[in-house]
Amino acid sequence: MDDNAIEAEGLVKQFRGNVGLAGIDLRVPAGSVLALLGPNGAGKTTAVRILGTLLRPDAGHARVGGLDVVARAHEVRGLIGLTGQYAGVDETLTGTENLVLVGRLLGLARRAARARAAELLAEFGLVDAATRPAATYSGGMRRRLDLAASLVGRPRVLFLDEPTTGLDPASRVELWAAVRGLVDGGTTVLLTTQYLEEADRLADDVVVLDRGRVVAAGTPDGLKASLGGSALELRPVLADRLDVVATTARDLARGEVTVVDGAVRATVSDPDVLPAVLRRLDEAGVHLAEVSLRRASLDEVFLSLVDTPSRVDPTPRTATRTGSPA
Amino acid sequence: MILTSTPTRSVGPLTALRQAMTMAWRSLLQIRHKPTELLDLSVQPVMFTLLFTYVFGGAIAGSPGAYLDFAFGGLVVQNALFLSIYAAIGLATDLRQGLHDRFRSMPIARSAPLAGRLLADVVRQLWSFAVLLVVGFVLGFRPDAGPAALLGAAAVLVVFTLAFSWIPVWIGVLARDPEKVQVFGFVLVLPITFTSNALVPLDTMPGPLRAWVALNPVTAANDTLRSLLTGTTPLGPPLLATLAWSAAVTLVFATAAMRALARR
Ligand SMILES: Nc1ncnc2c1ncn2[C@@H]1O[C@H](COP(=O)(O)OP(=O)(O)OP(=O)(O)O)[C@@H](O)[C@H]1O
Ligand SMILES: [Mg+2]
């Protein structure tokens, strides 16, 4: 427990018959990044809200920084920063005022709060917008301000619920860099995401949730290796040789073989398959325009883990669903 | 599922007060960005006072001047009640966005967000009361009240409206929608002030209505303000009734609102 910044055992949360969490365990070593991955309704936000002291679990225990999130909630709040799924900024206030507000609430003197606000605004590229009300910010700017607000108190543990949803690719990369910078400084981060690439880029460990359960856990590479195998793609020069290619692949690869866009795709777990396939096709006189063998993407792993029906959220949500689930 | 019942020692009363004041500062900052809010706080009382004094004043009391002497206290109470939805609107806005969750995830007093809103409302109330006094003075109303009575009037106004603002706060917590709070405020405040003796004397009303009007807490507040501002009617009974009503309403609706807020 000493080395784990976040620990959870058997967390359960029910919502009037709806399963939020059906008993999950988590362990996040201090200074590392855990990505909670899962489709809509998997329970990601529920987990973050329990760990962030906003929600009580029905069963199970969780500790942040060694402190129980229910019994010692107030102390836990002193350790954490939380950026929720819905922006936690006051839209009528300027960027500076938002950050000064948080600093003052945390007990900083006026001048110190201003200085900290200026520092964070600079760090997140919001200097030019510092004196404008947040209502005039773009979605990405608001997200950055929200993240900055969580950092005013220099939290040791940071929770980010879908931090990059709605950001353009450039802002996303910037936010990743910011998170990585925090981790280099020793912060522990638990983030949720629906972007597998994000988990791949940022996380030391990934936990895949589905319908309130952990369906897989491990490092991004480990997950890809253990579950995905490698993806083989063969594209013949002549489209009428596709059948031959497909038959050969079926003989040797044994996995599922599909023909898409004039190319044959197969999943293979044994790297020796590739030379064998090439030899066979060469003998058959098939010329290939393109050959590739690559690690399965995390997307492929993800889709293979998550039941398709559950990807349809049982409770329809409208665009106005706001605030946070109780 | 009441998180506030956790055994964790939260913050001391002085720190809690400081945090509430920070929250109030934040709530009042909005006025700086939306100066029109200050107009809201000033135009409506001026308009209502002018309307009632000059449109109805002659018919009800014989002359606008005589009417103003009678109605001024009631107009002050009515205006204060209209303002008592600000805290609820602010809270509903915070709940609807993620802001309230941000506050809840911080190591601050649980009371700070709402206490700050209420504190800011006190400032609004005092501002609006001052505007009304000036308008009344311009129209010829001369309060027969020393500084102590004026302060007393302000205090009663604050106590009474703070108590009643728990009703919209409760609605705001349940609905999490500032517009619903606004609509509700209107639907509640209009009838409750019109069926008081704020604008029309009690003895001109039909029997059954009169029974309600006499009971109406707004009537008690009107009479308290009248007494403090003009010194021509007794103070004791309406003041007691006003305080009793304030305590009762606070007890019921603050409990309901806090419970709903903790249950989220
Ligand atoms: N307040 C609530 N009342 C009822 N059901 C709820 C509530 N909050 C969450 N749920 C349900 O709990 C389940 C998990 O929800 P949660 O918000 O944790 O999912 P999520 O993984 O964050 O999804 P998303 O990717 O859509 O944000 C869902 O089925 C959801 O409908
Ligand atoms: Mg979520």
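Preceding block: the structure.
Below, the structure is looked at part by part. Quick caveat, the model's predicted, so the values are computed rather than measured.

**Considerations on the sheet that holds strand S1 (residues 4-15) of chain A**
Residues and elements named next belong to chain A.
And then number 1: Taken in spatial order, the four strands make up an open sheet running S2-S1-S4-S5, and their pairing is antiparallel. A strand with exactly one partner marks an edge of an open sheet, and here the two such strands are strand S2 (18-29) and strand S5 (67-68).
And then number 2: Strand direction decides the pairing type here: S1 and S2, joined by nine bridges, are antiparallel. Within the sheet, the bridge partner assigned to Leu-11 lies in S2 and is Ile-24.

**Quick notes on the sheet that holds strand S3 (residues 33-37) of chain A**
All names here are of chain A.
And then number 1: In space, the six strands of this open sheet follow the order S6-S7-S8-S3-S9-S10, with mixed pairing throughout. Lying at the two open borders of the sheet, with one neighbouring strand each, are strand S6 (80-83) and strand S10 (213-218). The sheet shows a mean angle of 15° between the axes of neighbouring strands, taken without regard to direction.
And then number 2: Examined bridge by bridge, S6 and strand S7 (residues 157-161) share four bridges and lie parallel to one another. In the sheet register, Ile-80 faces S7, and the bridge partner there is Val-157.
And then number 3: The strands touched by helix H1 (residues 44-51) are S3, S6, S7, strand S8 (188-193) and strand S9 (205-210); relative to S8, the strand with the most contacts, the crossing angle is about 155°.
And then number 4: Across the sheet, helix H5 (residues 139-151) touches S6 and S7, and the angle it forms with S6 is around 165°.

**Some remarks on a nonpolar patch on the surface**
Residues and elements named next belong to chain B.
And then number 1: On the surface, a cluster of nonpolar side chains totalling about 600 Å² of accessible area is made up of Leu-39, Val-43, Met-47, Leu-51, Val-55, Phe-56 and Ile-60.
And then number 2: Structurally, Met-47 is set in helix H2 (residues 36-61).
And then number 3: For Met-47, a relative accessible area of 39% translates into the label partly exposed.

**Re the interface of chain A and chain B**
And then number 1: Residue-level contacts link 44 residues of chain A with 37 residues of chain B.
And then number 2: Roughly 3,300 Å² is buried in total at the junction of chain A and chain B, and carbon and sulfur atoms are behind 58% of that figure.
And then number 3: Of all residues in chain A, the largest losses of buried area upon contact with chain B belong to His-74, Arg-77 and Leu-105 of chain A, amounting jointly to 22% of the total for that side.
And then number 4: The closest approach of N and O atoms between Arg-26 of chain B and Asp-90 of chain A, which form a salt bridge, is 2.8 Å.
And then number 5: Of all the elements in the fold, those that place two or more residues in the side of chain A that touches chain B are helix H2 (73-77), S6, helix H3 (95-105) and H5 of chain A.
And then number 6: Take the side of chain A that touches chain B: its biggest share by element is six residues, from H3 of chain A.
And then number 7: Grouping the constituent residues of the side of chain A that touches chain B by class yields 18 nonpolar, 14 polar and twelve charged.

Calculation criteria
Residues numbered from 1 in each chain as written. Chains lettered and ligands numbered in written order. Predicted model: local features only at pLDDT ≥ 70, side-chain atom pairs only at ≥ 80, totals over all residues. Heavy atoms only, no water. Pairing = 2+ DSSP bridges. Helix = DSSP H or I, 4+ residues; strand = E, 2+ residues; numbered from the N terminus. Axes fitted to C-alpha atoms, helices over the stretch in contact; angles between N-to-C directions. Contact = heavy atoms within 4.5 Å. Patch = residues over 30% accessible without salt bridge, like charges linked within 9 Å, V, L, I, M, F, W, Y side chains within 5 Å. Areas by Shrake-Rupley, 256 points an atom, 1.4 Å probe, with all protein chains shown as cover. Salt bridge = Lys/Arg side-chain N within 4 Å of Asp/Glu carboxyl O. Buried < 20%, exposed > 50% of the residue type's maximum accessible area, 1.4 Å probe, protein only. Buried area = accessible area lost by both parts, 1.4 Å probe. Nonpolar A, V, L, I, M, F, W, Y, C, P; charged D, E, K, R; others polar.

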